[in-house]
Amino acid sequence: MEIKKVGVIGCGLMGHGIVQVAAQGGFDVVAFEADQGALDKGLGRIEKSLGKLASKNVEKGKMTEDQAGEWVQTTWGRVSGSTDKADLADCDLIVEAIVENLDVKKSLFQELGAMVKDSAIFASNTSSFPIMEMAEASGRPARFVGLHFFNPVQLMRLVEVVRTEATDGDVFDAAKRFGEACGKTAVACKDTPGFVVNRLLVPYMVQAINMLDRGDASKEDIDAAMQFGCGYPMGPLTLTDYVGLDTTLSILEGWVDRYPNEPAFSIPDSLRQKVSEGKLGRKTGEGYYVWEGDKKK
Ligand code: CAA
Ligand code: NAD
């Protein structure tokens, strides 16, 4: 089972990074978006990120200027953008990275199941939803896995490869090899809420928000405590802004609906409030912090 051509659906925060690391890994990639504006934005982010990585490699003496230029061109040359689903029909692997809404994801996979070649593998980058529900909607549960990348995809070194009870062993192995070819350490997990990382990370972010809402400590101090007390690269409230408050809320809503008796899954009032005000974190310029571009004010 050889993967050569990959389709990535959604070119937002996660999707653009997945397109990029797949192209860096040598795959031909179709970056698919709902509309041209969103596609252009996603491709622009890839161009910027490739430029940054190339300059870093030159600074560190890992590449000459010429080699870096050639690397950017070759990588970029493997990427094509599309807003026409027909361009996905002959992909060997499709990775979905659209909005965290199960109904929208299921209807997308139902449509893809009817139009993408039968041998293709389907994967979702969902943060929280059961892979099996999407696998069933696609009509090809044996060829379906979770491929959960981390934000920012270009820098985070992990991918979780999620198998359901229906996932074929060869499909799982091919998906794992793909993740590794993208430069990631691949860990296996069953189809459980939040897989490994989010099951641990999201309840921790919720506790930090609750602490802030109760007035136990300031956001700056909560973040500094975890950065300097535990050596985390960013504190939990900065991380919530980084992930996106809308994505965090969607993750929690799905869990609270399905597991109402699990005390680790709860929704802080301030999270709901901020999302309803359009304060979605770094991507909208305000969440728990105010942001100026990529940096906190
Ligand atoms: N592409 C290329 N370069 C990038 C980049 C990108 N996408 N993003 C950042 N960089 C570069 C920056 O330009 C910067 O370069 P310089 O040193 O030349 O200035 C360098 O990387 C470091 O970035 P920053 O200075 O902004 O900040 P930092 O040192 O704190 O590193 C970080 C940034 C790697 C993101 C680090 O803060 C970190 O590891 N944070 C934790 C992230 C995390 O926990 N992610 C998981 C989220 S949960 C998830 O993803 C799952 C889910 O389902 C919700
Ligand atoms: P995002 O809002 O930044 O990007 C989603 C993109 O999908 C948007 O560009 C949107 O235009 C596009 N889109 C929506 N519906 C579409 C459709 N039907 N067809 C094609 N494109 C469509 O969201 P994100 O943060 O990149 O999250 C994407 C997925 O990745 C979600 O399932 C999320 O849970 C998961 N995830 C997010 C993070 C994170 O830190 N944000 C980390 C890991 C996984």
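Located above this text is the structure these notes cover.
What this report covers is the structure whose coordinates are included nearby. All values derive from a computational prediction rather than experimental measurement.

Rules used in this analysis
- Residues numbered from 1 in each chain as written.
- Chains lettered and ligands numbered in written order.
- Predicted model: local features only at pLDDT ≥ 70, side-chain atom pairs only at ≥ 80, totals over all residues.
- Heavy atoms only, no water.
- Near = heavy atom within 4 Å.
- Polar contact = N/O pair within 3.5 Å; in protein donor to acceptor, adjacent residues only side chain to side chain.
- Areas by Shrake-Rupley, 256 points an atom, 1.4 Å probe, with all protein chains shown as cover.
- Helix = DSSP H or I, 4+ residues; strand = E, 2+ residues; numbered from the N terminus.
- Nonpolar A, V, L, I, M, F, W, Y, C, P; charged D, E, K, R; others polar.
- Domains from an automatic or database assignment.
- Core = buried A, V, L, I, M, F, W, Y, C linked by side-chain atoms within 4.5 Å.
- Buried < 20%, exposed > 50% of the residue type's maximum accessible area, 1.4 Å probe, protein only.
- Contact = heavy atoms within 4.5 Å.

1. A short note on the site of ligand 1
Piece 1. Around ligand 1, the structure places 20 residues, and the nearest of them are Ser49, Ser127, His148, Asn151 and Asn198.
Piece 2. A distance of 2.7 Å separates a nitrogen atom of ligand 1 from a polar atom in the side chain of serine 49.
Piece 3. Within the side chain of lysine 56, one N or O atom sits 2.9 Å away from an oxygen atom of ligand 1.
Piece 4. Protein contact buries 67% of the 1,100 Å² of open area that ligand 1 shows by itself.
Piece 5. Those elements that provide at least two residues to the shell around ligand 1 are helix H2 (36-59), helix H7 (197-214) and helix H9 (236-243).
Piece 6. If one sorts the elements of the shell around ligand 1 by residue count, H2 sits on top with 4 residues.
Piece 7. Grouping the constituent residues of the shell around ligand 1 by class yields 11 nonpolar, 6 polar and 3 charged.
Piece 8. Looking at which domains feed residues into the shell around ligand 1, each of domain 1 (5-190) and domain 2 (198-282) supplies at least three.

2. A look at the nonpolar core
Piece 1. Ile3, Val6, Val19, Leu93, Leu147, Phe149 and Phe178 are the most contacted members of the largest nonpolar core, which totals 36 residues.
Piece 2. In contact with leucine 147, not counting residues within four places along its chain, are Leu93, Val95, Ala123, Ser124, Asn125, Val159, Glu160, Val161, Ala175 and Phe178.
Piece 3. Formed by 21 residues, the second largest nonpolar core is a distinct cluster that contains Leu102, Leu108, Met134 and Phe195.

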